[in-house]
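For reference, the chains in residue letters:
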Amino acid sequence: MEFTCVCKTVYLLREPFGGTTTGIILLTGEKNYLIDAGGSAALVDEVLVPALRERGLRPSDIDCLLCTHTHGDHIGGFKRLRELGVKRIAAYTRSVDKIRDPLSYNIEIRRVFPENSPPPSAGLVGTTVDEPLADGTVVGGRVELIATPGHDDDAVCLFDRESRTLVCGDSIQLDGTAVQGCGAYMDLPAYRRSMERLRGVPAERAILGHPFIPCGDLVEGRSAVLRLLCDAQDKTYLYRDFVKSRLDAGETDTAGIAKALIAHIGGIQPKHLFLPMYTVREHMKELL
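None of the values given here were measured: they were computed from a predicted structure.

Caption draft 1: Looking closely at the sheet that holds strand β10 (residues 156-160). Sheet architecture is open: 6 strands sit in the order β8-β9-β10-β11-β12-β13, paired in mixed fashion. Strands at the two margins of the open sheet, each flanked by one partner only, are β8 (138-139) and β13 (216-220). Pairing analysis gives 3 bridges linking β10 to strand β11 (residues 165-169), with the strands arranged antiparallel. Bridge assignment links Phe159 to a residue of β11, and that residue is Leu166.

Now the structure itself:
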């Protein structure tokens, strides 16, 4: 498994994770930046390190490790990369405590819907952040952090000013992934504001954290990026209208509405419904 060249100095590694893939992005140049680190220490050793080696790099050649948000499939490899010698770790201020103790946060987000959540990811181990970053910080004069809460409160996009590439993580959800069921957001008003904000970023391409339906994980061209953001915004209103129809019919069970929403958009019912239930909860709050 190797990094794919997206454009000059930008590379994407699609790491397998739970029936889909998680994107790890490498920015090369005078300094090397790695964005996200996959789901576990084992995947660092088995997938990421060999992929770096194919590009003539070692973890110790990474000048800065960053993340798009602190869900386990994106920061599970942080501790291992620290052990292997990355030069520094930088993260959004809202992510610092979660990176220090990712297992506690992993448990916290499952506690809201305990009967519909998977077991905690027990292999998550924390590490420290060398440089907390505020919204709008530009790392190394190249990588701009843009706070884009919604999917979670610490979600960010990272804009590579050199290549005009927007690294989105899970900030842009559309209809979710094949294993997710539907788009997932924990704060609907913030999610909509984030989509609006991103329209002002002069991105020529977007790399998403997973293959989100229907666009996949790579969108090329300025007009296509703007269409992506409009589509993501529009999805929330389609979801709202469907949830309203179920509420109007007298249904109030969050899990039941989540299952119906997934079927309505043609998604695959996931084994655990907690992410779709967050989405339905947000629309119920909007409507009730």
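Caption draft 2: Focus on the packing of helix α6 (residues 188-198) against helix α9 (residues 274-287). Viewed as axis vectors pointing N to C, α6 and α9 meet at an angle of 100°, and their least axial separation amounts to 9 Å. Of the possible angle classes, the one that applies to α6 and α9 is roughly perpendicular. Together, Leu188, Pro189 and Arg192 of α6 and Glu282, His283 and Glu286 of α9 make up the contact between the two elements. Each residue belonging to the contact of α6 with α9 can be placed in one class, and the counts come to 2 nonpolar, 1 polar and 3 charged.

Caption draft 3: Quick peek at the sheet that holds strand β2 (residues 10-17). Strand order across the open sheet formed by 5 strands is β1-β2-β3-β4-β5, with mixed pairing between neighbours. Across the chains shown, the open sheet's two edge strands, defined by having one partner strand only, are β1 (4-7) and β5 (64-66). Across the sheet, the mean angle from the axis of one strand to that of its neighbour is 25°, orientation sign disregarded. Sheet topology places strand β3 (residues 20-27) next to strand β4 (residues 33-35); 3 bridges connect them, and they run antiparallel. Bridged to Leu26 within β4 is Leu34.

Caption draft 4: Spatial organisation of the environment of Glu30. If you trace the backbone, Glu30 turns up in the loop between β3 and β4. A relative accessible area of 83% places Glu30 in the exposed class. Separated by 33 residues in sequence, Glu30 and Asp63 place their C-alpha atoms 9.6 Å apart.

Caption draft 5: A look at the side chain of Arg142. Among the structural elements, Arg142 can be located in the loop between β8 and β9 (143-147). Owing to a relative accessible area of 6%, Arg142 belongs among the buried residues under this scheme. At 3.2 Å, the side chain of Arg142 forms a polar contact with the side chain of Thr9. Apart from the residues lying within four places of it in its own chain, the contact partners of Arg142 are Thr9, Leu27, Thr28, Gly29, Lys31, Tyr33, Phe159, Asp160, Arg161 and Glu162.

Caption draft 6: Representation of the pairing of strand β12 (residues 205-212) in the model. Buried residues dominate β12, accounting for 7 of its 8 residues. The hairpin formed by β12 and β13 contains 3 residues between the paired strands.

Caption draft 7: Structural detail: the nonpolar core. In terms of nonpolar packing, the biggest core is built from 44 residues, with Leu166, Ile172 and Leu198 touching the most fellow members. For this core, the secondary-structure elements that each account for two or more residues are α5 (102-111), β10, β11, α6, β12, α7 (222-248), α8 (254-264) and α9. The greatest single-element share of this core, amounting to 9 residues, is contributed by α7. In this structure Leu166 touches Ile146, Cys157, Leu158, Phe159, Leu198, Val201, Ala203, Arg205, Ala206 and Ile207, once residues within four positions along its chain are discounted. Core analysis: the second largest hydrophobic core is formed by 27 residues, Ile62, Ile89, Val96 and Val129 among them.

Caption draft 8: Representation of the pattern of salt bridges within the structure. The tally for this structure, following the rule as stated, stands at 24 salt bridges. The partner of Asp135 in a salt bridge is Arg197, and the shortest N-O contact between them spans 3.0 Å. On the criterion of sequence distance, the pair formed by Asp135 in the loop between β7 (131-133) and β8 and Arg197 in helix α6 is long-range, its members being 62 residues apart. Asp135 sits in the partly exposed class, given a relative accessible area of 38%. For Arg197, a relative accessible area of 37% corresponds to the partly exposed category.

Caption draft 9: Layout of the pairing of β2. Where β1 and β2 come together, 3 bridges link them in antiparallel fashion. Across the sheet, the residue bridging to Thr4 is Leu12, located in β2. Linkage of β1 to β2, two consecutive antiparallel strands, is achieved through a turn of 2 residues, within which Thr9 is found at a positive phi near 75°. Note that β2 and β3 share 8 bridges and pair antiparallel.

Caption draft 10: Structural view of the environment of Ile172. With respect to the helices, strands and loops of the structure, Ile172 is situated in the loop between β11 and α6. Residue Ile172 is classed as buried on the basis of its relative accessible area, which comes to 0%. Taking C-alpha positions, Ile172 is 9.9 Å from Ala206, a pair spaced 34 residues apart along the chain.

Cut-offs and rules
- Residues numbered from 1 in each chain as written.
- Predicted model: local features only at pLDDT ≥ 70, side-chain atom pairs only at ≥ 80, totals over all residues.
- Heavy atoms only, no water.
- Pairing = 2+ DSSP bridges.
- Helix = DSSP H or I, 4+ residues; strand = E, 2+ residues; numbered from the N terminus.
- Axes fitted to C-alpha atoms, helices over the stretch in contact; angles between N-to-C directions.
- Parallel < 35°, antiparallel > 145°, perpendicular 65-115°, else oblique.
- Contact = heavy atoms within 4.5 Å.
- Nonpolar A, V, L, I, M, F, W, Y, C, P; charged D, E, K, R; others polar.
- Buried < 20%, exposed > 50% of the residue type's maximum accessible area, 1.4 Å probe, protein only.
- Polar contact = N/O pair within 3.5 Å; in protein donor to acceptor, adjacent residues only side chain to side chain.
- Core = buried A, V, L, I, M, F, W, Y, C linked by side-chain atoms within 4.5 Å.
- Salt bridge = Lys/Arg side-chain N within 4 Å of Asp/Glu carboxyl O.

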